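As a plain string of letters, each chain reads:
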Amino acid sequence: MTADELQNVLLELKSLPAETEWVEFKVNDPGEVKYPEIGEYLSAIANSLALVRRERGYIVWGIDDITHELVGTNFRPRQARVGNEELENWLTRLLAPQIRFELHELDWDSRHFVVIEIAPATHTPVRFSGDEFIHVGSLKKRLKEHPEKERELWLRLSASADWSAEVCPNATLDDLDPAAIAFARKEYAQRNPHLADEV
């Protein structure tokens, strides 16, 4: 994301009436940042994105979560380490299944901002360090404490995983692999011998 794109994202998020299932605002200074909490928010937002069917969510350091004022932060995640491991690598290692998230930093108008852009869960709820999380409104909760959301999430994830049920506009028979068609015909004929002459 370019600096201009990041500025636009910050302005767009700042204009929201409140934090949502897919946005979390932080203003922590470096000593106040709890690294495991970042992983929990990654899990919560990725799972919430799948529920609300959004393409991306965000954790933003530098926007006040009450006033939505652009205040900046002293948090520098690229310099942060957990033990001897870089923070970003540590987070990635403890997320399962791993999701795509991108860490962006921006210095703008004499203030520093950090934006983590998060992709939605795809085929199974995302866990951090073994636990699944969800955003309920603007609050991070354990998914198992909200069985109705867990059930809905599994339904959404299982429905989105069946790519074979999707329509492919403009597809023709020429788009199909001849070897796959031959294999399917052979299997169909074996399972349906009374129709073997028709395939």
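Keep in mind that what you see is a predicted model, and the values were worked out from it rather than measured.

### Structural notes on the pairing of strand E9 (residues 131–136)
Here is step 1: Relative to E9, strand E8 (residues 127–128) runs antiparallel, the two sharing two bridges. Note that in E9 the partner of phenylalanine 128 across the bridge is aspartate 131.
Here is step 2: The turn linking E8 back onto E9 is made up of two residues, and serine 129 within it adopts a positive phi angle of 50°.
Here is step 3: Note: E9 against strand E10 (residues 139–142), four bridges, orientation antiparallel. Pairing of isoleucine 134 across the sheet is with lysine 141, part of E10.
Here is step 4: From the end of E9 to the start of E10, which pair antiparallel, there are two residues, and glycine 137 there has a positive phi angle of about 65°.

### Brief notes about unusual backbone geometry
Here is step 1: Cis geometry marks the peptide bond from alanine 96 to proline 97, where omega comes out at -10°.
Here is step 2: Along the chain, the position of proline 97 falls in the loop between strand E5 (95–96) and strand E6 (101–108).
Here is step 3: In this structure, histidine 68 takes a positive phi of about 65° despite not being glycine.
Here is step 4: Among the secondary structure elements, histidine 68 is positioned in the loop between strand E2 (57–61) and strand E3 (81–82).
Here is step 5: Residue classification places histidine 68 among the buried residues on the basis of a relative accessible area of 5%.

### Here's the deal with the sheet that holds E6
Here is step 1: On the basis of which strands lie adjacent, the open sheet formed by four strands has the order E1-E2-E7-E6 and mixed pairing. At either margin of the open sheet sits one strand with a lone partner, and together these are strand E1 (23–26) and E6. The mean angle between the axes of side-by-side strands here comes to 15°, regardless of whether they run parallel or antiparallel.
Here is step 2: Bridge analysis of E6 against strand E7 (residues 111–118) gives eight bridges, and the strand direction is antiparallel. Looking at E7, one finds that glutamate 105 is bridged to valine 114.
Here is step 3: Those strands touched by helix H2 (residues 35–52) are E1, E2, E6 and E7, and its axis lies near 150° from that of E2.

### Topic: the sheet that holds E8
Here is step 1: Here four strands make up an open sheet; going across it, the order is E5-E8-E9-E10 and the pairing antiparallel. Each edge of the open sheet carries a strand with a single partner, namely E5 and E10.
Here is step 2: Relative to E8, E5 runs antiparallel, the two sharing two bridges. Directly across from leucine 95, in E8, lies its bridge partner phenylalanine 128.
Here is step 3: Its contacts with the sheet put H2 on E5, E8, E9 and E10, and the angle it makes with E9 is roughly 65°.

Rules used throughout
Residues numbered from 1 in each chain as written. Predicted model: local features only at pLDDT ≥ 70, side-chain atom pairs only at ≥ 80, totals over all residues. Heavy atoms only, no water. Pairing = 2+ DSSP bridges. Helix = DSSP H or I, 4+ residues; strand = E, 2+ residues; numbered from the N terminus. Buried < 20%, exposed > 50% of the residue type's maximum accessible area, 1.4 Å probe, protein only. Axes fitted to C-alpha atoms, helices over the stretch in contact; angles between N-to-C directions. Contact = heavy atoms within 4.5 Å.

Read these as spatial facts, not as claims about activity.
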